[in-house]
Amino acid sequence: MTAARSDGWDLIEAAQAGDRDAYGQLYTRYAPGVSRFVGSRLRDRALAEDLTSETFARALRRIDSVSDQGRDAGAWFTTIARNLILDHVKSSRVQRETVTAEIDDASTDDRQESPEQAVIRLDAAADVRRRVAALPTDQQQCLRLRYFQDLSVARRRR
């Protein structure tokens, strides 16, 4: 193990040799970044936390099969997280369910949304999220900047 290396592979090599503290240090170093990565791609915070945890559980199960890839070890964790997100998106295309706890059924007057309208609205929003997730990354980023960060559309000067 080389003391000069700061790309995380020294910790992975130590974890492969059975050093449990090394894996804990990997988690401490890379979990916040993986969490931000997953959270920026999923609206469901609990699901993002679950996928972040699953990322490190899978990495631990596969720790013996990984070797230095010439990049920071964080790229390995991010790749695992990205694959988990893709798996989730693929499986959610098949599922068309709305968690009933997300529906506010406390309102019964005509001015507020009915439970049926809420289900339709939530289903439509989930469909939009799925379709946006299927777009190329640059187009997804453009939509995020425009609609979630309220950036205006740049106008070309003629």
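Parameters at a glance
- Residues numbered from 1 in each chain as written.
- Predicted model: local features only at pLDDT ≥ 70, side-chain atom pairs only at ≥ 80, totals over all residues.
- Heavy atoms only, no water.
- Core = buried A, V, L, I, M, F, W, Y, C linked by side-chain atoms within 4.5 Å.
- Buried < 20%, exposed > 50% of the residue type's maximum accessible area, 1.4 Å probe, protein only.
- Helix = DSSP H or I, 4+ residues; strand = E, 2+ residues; numbered from the N terminus.
- Contact = heavy atoms within 4.5 Å.
- Axes fitted to C-alpha atoms, helices over the stretch in contact; angles between N-to-C directions.
- Left-handed = near helix turned anticlockwise from the far one by under 90°.
- Nonpolar A, V, L, I, M, F, W, Y, C, P; charged D, E, K, R; others polar.
- Expected span 1.5 Å × (residues − 1).
- Polar contact = N/O pair within 3.5 Å; in protein donor to acceptor, adjacent residues only side chain to side chain.
- Phe/Tyr/Trp six-rings, centres within 6.5 Å; stacked < 30°, edge-to-face > 60°.
- Parallel < 35°, antiparallel > 145°, perpendicular 65-115°, else oblique.

Inside soluble globular proteins, nonpolar side chains tend to come together where they are buried. The biggest cluster of nonpolar side chains holds 29 residues, and the ones touching the most others in it are Ile12, Tyr23, Val38, Trp76 and Phe77. Put simply, the parts of the chain that give this core at least two residues each are helix H1 (9-16), helix H2 (20-39), helix H3 (45-61) and helix H4 (74-94). In terms of residues, this core owes the most to one element, H2, which gives eight residues. Filtering out sequence-adjacent residues up to four positions away, Tyr23 remains in contact with Ala15, Phe56, Ala59, Leu60, Ile63 and Phe77.

What follows covers the packing of H1 against H2. Look at H1 against H2: their axes get within 8 Å of each other, and the N-to-C directions meet at 145 degrees. The hand of the H1/H2 crossing is left-handed. Judged by residue contacts, Leu11, Ile12, Ala14 and Ala15 of H1 engage Ala22, Tyr23, Gln25, Leu26 and Arg29 from H2. Split into classes, the residues belonging to the contact of H1 with H2 amount to seven nonpolar, one polar and one charged.

What follows covers H3. Between its first and last C-alpha, H3 extends 24 Å over 17 residues, near the 24 Å set by a 1.5 Å rise per residue. Among all positions in H3, only Leu47, Ala48, Leu51, Thr52, Thr55, Phe56 and Ala59 are buried. Residue Asp44 occupies the N-cap position of H3, its side-chain oxygen lying 3.1 Å from the main-chain nitrogen of Ala46.

What follows covers the side chain of Thr55. On the secondary structure map, Thr55 appears in helix H3. Residue contacts for Thr55: discarding those within four places in its chain leaves Val34, Phe77, Ile80, Ala81 and Leu84.

The next thing to look at is the packing of aromatic side chains. Overall, the coordinates contain four aromatic pairs when judged by the stated rule. Pairing Phe56 with Phe77 gives two aromatic rings, centres 4.8 Å apart and planes at 25 degrees, and the pair type is stacked. With Phe56 in helix H3 and Phe77 in helix H4, this residue pair connects regions lying 21 residues apart in the sequence. When sorted by exposure, Phe56 lands in the same class as Phe77, which is buried. Among the aromatic side chains, those forming a connected cluster through ring pairs are Tyr27, Tyr30, Phe56, Trp76 and Phe77.

Turning next to the packing of H2 against H3. Packed helix pairs are characterised by how far apart their axes lie and by the angle those axes make with each other. Packing of H2 against H3 brings their axes to within 9 Å, and their N-to-C directions diverge by 140 degrees. When the axis of H2 is compared with that of H3, the two are oblique. Seen along the crossing, H2 lies across H3 with a hand that is right-handed. Between H2 and H3, the contacting residues are Tyr23, Leu26, Tyr27, Tyr30, Ala31, Val34, Ser35, Val38 and Gly39 on the first element and Ala48, Leu51, Thr52, Thr55, Phe56, Ala59 and Leu60 on the second. When grouped by side-chain class, the residues that make up the contact of H2 with H3 number twelve nonpolar, four polar and no charged.

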